[in-house]
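Take a look at the letters that make up each chain.
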Amino acid sequence: MSRIAYVNGQYLPHLDASVHIEDRGFQFADGVYEVCEVRHLQLLDVTRHLDRLERSLRELAIQMPMERRCIPLIMREIVTRNRVINGLVYMQANRGVYPRNHLFPPKSVKPSLVITAKHTNRAAAEEMAACGIGVISVPENRWDRVDIKSVSLLPNVLAKQKALEAGAGEAWFIDVDGFVTEGSSTNAWIVSKDGVLVTRPAESGILRGITRTRVIDMAAGMGYSIEERAFTIEEAKAAREAFVTAASSVVLPVVEIDGATVANGHPGETATRLRALFFDSSEKLPC
Ligand code: PMP
């Protein structure tokens, strides 16, 4: 089946879907993005993803590309047209098309909006979660506005590739004080020896993940203690459990850190439980 993409007002066959060479996303990475999970034909946590999209755009002084209420209509349409049952919706909004110049284009230039959808293999994802992944640590080398979901992801790309080449599934950035900030495309968590869920506060050094917020809400409702504080890689290696969260991977157990086994080297009970209950506790928009 051919895939369809939404590009600046048009639904186009994936093969023909392209942006102009003067698009500021292409020229300067001058834009932001969101990734939203589709599960059983339902979009998860759209309200929070759109809240974050609006915030990211506001922080960069980019206008919303269209009225907020119209975006879910396109998201649903793109899911339907691509016959996605389980997958991901990607959207990028950027400062639009204008002759290359570092300065912002005039206000009359319309922001660009691209929305795509792809299938994911749920069985393969569950298999990966049942094994858990390894992570490696890398020095934090990103700018200090990682709270903005910018498409400028070069350090993240390099870190993820380094993880792959080391036989791991994710790279955790370590700040100058030796604390884990987050993964290249995930938030980082541990479960301490006494069963407390620990994740870095969203106020500094991380993206406020929608999955992270959902897991905090869910875990609190289940009676877990949660501490939003920074932790070191040594603390993580000695933890009862470690895991990562993201819309694209939900809750994914970490079983190895820099080659050292976490606990018994198998996915932990807490991460497994949170993963299993995640769908039920998410906001759902039927497609
Ligand atoms: N941190 C980074 C750097 C990310 O790229 C992502 C995923 N886009 C996350 C955290 C997790 O965010 P979310 O749960 O909203 O997918």
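Reading the values: rules and limits
- Residues numbered from 1 in each chain as written.
- Predicted model: local features only at pLDDT ≥ 70, side-chain atom pairs only at ≥ 80, totals over all residues.
- Heavy atoms only, no water.
- Near = heavy atom within 4 Å.
- Polar contact = N/O pair within 3.5 Å; in protein donor to acceptor, adjacent residues only side chain to side chain.
- Areas by Shrake-Rupley, 256 points an atom, 1.4 Å probe, with all protein chains shown as cover.
- Helix = DSSP H or I, 4+ residues; strand = E, 2+ residues; numbered from the N terminus.
- Nonpolar A, V, L, I, M, F, W, Y, C, P; charged D, E, K, R; others polar.
- Domains from an automatic or database assignment.
- Contact = heavy atoms within 4.5 Å.
- Buried area = accessible area lost by both parts, 1.4 Å probe.
- Salt bridge = Lys/Arg side-chain N within 4 Å of Asp/Glu carboxyl O.
- Patch = residues over 30% accessible without salt bridge, like charges linked within 9 Å, V, L, I, M, F, W, Y side chains within 5 Å.
- Buried < 20%, exposed > 50% of the residue type's maximum accessible area, 1.4 Å probe, protein only.
- Core = buried A, V, L, I, M, F, W, Y, C linked by side-chain atoms within 4.5 Å.
- Axes fitted to C-alpha atoms, helices over the stretch in contact; angles between N-to-C directions.
- Parallel < 35°, antiparallel > 145°, perpendicular 65-115°, else oblique.
- Left-handed = near helix turned anticlockwise from the far one by under 90°.

Comments concerning the site of the ligand
Contacts to the ligand come from 18 residues, most closely from K149, E182, I210, T211 and A247. Backbone polar atom of A247 to an oxygen atom of the ligand: 2.8 Å apart, as the coordinates give it. In isolation the ligand offers 390 Å² of accessible surface; the protein chains occlude 94% of this area. Counting residues per element, the ones that place at least two in the shell around the ligand are β9 (180–183), α6 (210–221) and β13 (241–246). Tallied by class, the residues present in the shell around the ligand amount to five nonpolar, nine polar and four charged.

Details of the domain arrangement of the protein chain
Domains assigned within the protein chain are domain 1 (4–120) and domain 2 (125–282). Taking only C-alpha atoms into account, the centre of domain 1 sits 26 Å from that of domain 2. The partner domain 2 presents 22 residues to the 22 residues of domain 1 that form the contact. For the pair domain 1 and domain 2, the summed buried surface comes to about 2,000 Å²; carbon and sulfur atoms form 60% of the total. Taken together, the links from domain 1 to domain 2 amount to four salt bridges. Listed by contribution, the elements that provide at least two residues to the side of domain 1 that touches domain 2 are β3 (31–39), β4 (42–44), α2 (46–59) and β5 (87–94). Here the element with the most residues in the side of domain 1 that touches domain 2 is β3; it accounts for seven residues.

Here's the deal with a nonpolar patch on the surface
Judged by side-chain polarity, V19, I21 and F26 come together as a nonpolar surface patch covering roughly 320 Å² of accessible area. As for its placement among the helices and strands, F26 is situated in helix α1 (residues 24–28). Assessed through its relative accessible area of 57%, F26 is described here as exposed.

Some remarks on unusual backbone geometry
Not every positive phi belongs to a glycine, and A29 is a case in point at roughly 50°. One non-glycine residue, R83, lies in the positive phi region at around 50°. Here R83 shows up in the loop between α3 (71–81) and β5. On the accessibility criterion, R83 (59% relative accessible area) is exposed.

Considerations on the nonpolar core
The biggest cluster of nonpolar side chains holds 25 residues, and the ones touching the most others in it are L43, I71, M75, I78, V89 and I115. Mapped by element, the contributors of at least two residues to this core are β1 (4–7), β3, α2, α3, β5 and β6 (112–119). Considering every element that reaches this core, the biggest residue donor is α3, with five residues. When residues no more than four places from it in sequence are discounted, the contact partners of I115 are A5, Y6, I71, I74, M75, I78, V89, Y90 and M91. Formed by 20 residues, the second largest nonpolar core is a distinct cluster that contains I133, W172, L252 and V262.

Some points on the packing of α2 against α6
Direction vectors running N to C along α2 and α6 enclose 135°, while the axes themselves pass 10 Å from each other. In terms of their interaxial angle, α2 and α6 are classed as oblique. Two packed elements cross with a definite hand, and for α2 against α6 that hand is right-handed. Residues R48, H49 and R52 of α2 form the contact with α6, whose participating residues are I210, T213, R214 and D217. Residue classes in the contact of α2 with α6 are distributed as one nonpolar, two polar and four charged.

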